[in-house]
Amino acid sequence: MIKVCVVTFYKHNYGAFLQAYSLQKFLNQEGFDAEVLNYDYSKDHTILGVHVSYLKNPISFLKKLFYKVKGFKKQRKINKIFNLSVEKNIKETKYYKHYRSVKKNSPIADIFISGSDQVWNPTMAKQGRDSRFLAFNTKNAVIASYAASIGIDYLNGELKNYFKQKINKFDFVSVREERSIVTLRDITDKQIFVHKDP
């Protein structure tokens, strides 16, 4: 059986959970053995859930920390519900606490898929970005995106170079929005397909 590893958001809101569940279910129905990468980017490089990059601006860091602490009980309740849903409905890889662990001991699969959802949105969860661009050790596997959303219309400078380097390693590229074709056409000659979230 062909093994597929899906890399996406799926633990923090219902829409993300549903798209991950739907893609995995579809793949399994088509005869693949699909699992989702169990790497929680929201805990990587954080202090009490606030990314360490905010330490550069102490006031901003303290504001973020205040809101995290203020909403802790509510978020813990939400996380408990999500974790039960994930346990019952999504087959996951082993747990990876940090991205460096994903790189060091990457899951084994014949196909890696990034998507769907806003997996390529540069304004979201920077600490997990390399995982969603499948920059870890995929060995000789096929790497693809499915309905990957970029969320912005223009890439410039360092971000443009980052996207170019990562996307040109993909065997197949599928995005969610038509406008993303225009955004990516500037950095790759690969054929780009448009698909909706499952």
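Anything mentioned here points back to the structure above.
One structure accompanies this document, and this report is about it. (Residues numbered from 1 in each chain as written. Predicted model: local features only at pLDDT ≥ 70, side-chain atom pairs only at ≥ 80, totals over all residues. Heavy atoms only, no water.)

Ranked by internal contacts, the top residues of the largest apolar core, which has 32 residues, are F112, W120, F163, I167, V173 and L184. Elements supplying a minimum of two residues to this core: β1 (3–7), β2 (33–39), α4 (99–104), β7 (142–148), α6 (157–167) and β8 (173–175). Per element, the largest residue contribution to this core is three residues, and it comes from α6. Apart from residues lying up to four places away in sequence, F163 is in contact with W120, P122, F133, I150, L155, N168, L184 and I187. By size, the runner-up hydrophobic cluster in this structure holds 14 residues, among which are L23, F82, I90 and I111. (Core = buried A, V, L, I, M, F, W, Y, C linked by side-chain atoms within 4.5 Å. Buried < 20%, exposed > 50% of the residue type's maximum accessible area, 1.4 Å probe, protein only. Helix = DSSP H or I, 4+ residues; strand = E, 2+ residues; numbered from the N terminus. Contact = heavy atoms within 4.5 Å.)

For the pair helix α1 (residues 14–29) and helix α3 (residues 72–89), the least separation of the axes is 11 Å and the interaxial angle reads 5°. In terms of orientation, α1 and α3 fall into the roughly parallel class. Contacts between α1 and α3 pair Y14, F17, Y21 and Q24 from the former with I81, F82, S85, V86 and N89 from the latter. Of the residues contributing to the contact of α1 with α3, the split by class is six nonpolar, three polar and no charged. (Axes fitted to C-alpha atoms, helices over the stretch in contact; angles between N-to-C directions. Parallel < 35°, antiparallel > 145°, perpendicular 65-115°, else oblique. Nonpolar A, V, L, I, M, F, W, Y, C, P; charged D, E, K, R; others polar.)

This brings us to the pairing of β7. Along any regular strand, the residues point their side chains to alternate faces of the sheet. With respect to burial, β7 is a largely interior element, five of its seven residues being buried. Sheet analysis places strand β6 (residues 111–117) next to β7, joined by six bridges and oriented parallel. In the strand pairing of β7, I111 is matched with V142. (Pairing = 2+ DSSP bridges.)

Inspection of every chain in the model, using the stated rule, returns 11 aromatic pairs. Here W120 and F133 contribute two aromatic rings whose centre-to-centre distance is 5.0 Å and whose plane-to-plane angle is 5°, an arrangement assigned as stacked. Here W120, found in the loop between β6 and α5 (129–132), pairs with F133, found in the loop between α5 and β7; they are 13 residues apart in sequence, far enough to count as distant. Each member of the pair, W120 as well as F133, carries the same accessibility label: buried. Residues Y162 and F163 carry aromatic rings whose centres are separated by 6.4 Å and whose planes lie at 70° to one another, so their mutual orientation is edge-to-face. Take Y162: its relative accessible area is 17%, and that puts it in the buried class. Of the residues examined, F163 reaches a relative accessible area of 0% and is grouped as buried. Pairwise contacts between aromatic rings join W120, F133, Y162, F163 and F170 into one cluster. Just above the ring of Y162 sits the side chain of R129; from NZ or CZ to the centre is 5.4 Å. In this structure, R132 packs its charged tip against the face of Y41, placed 5.7 Å from the ring centre. (Phe/Tyr/Trp six-rings, centres within 6.5 Å; stacked < 30°, edge-to-face > 60°. Lys NZ or Arg CZ within 6 Å of the ring centre and 35° of its normal.)

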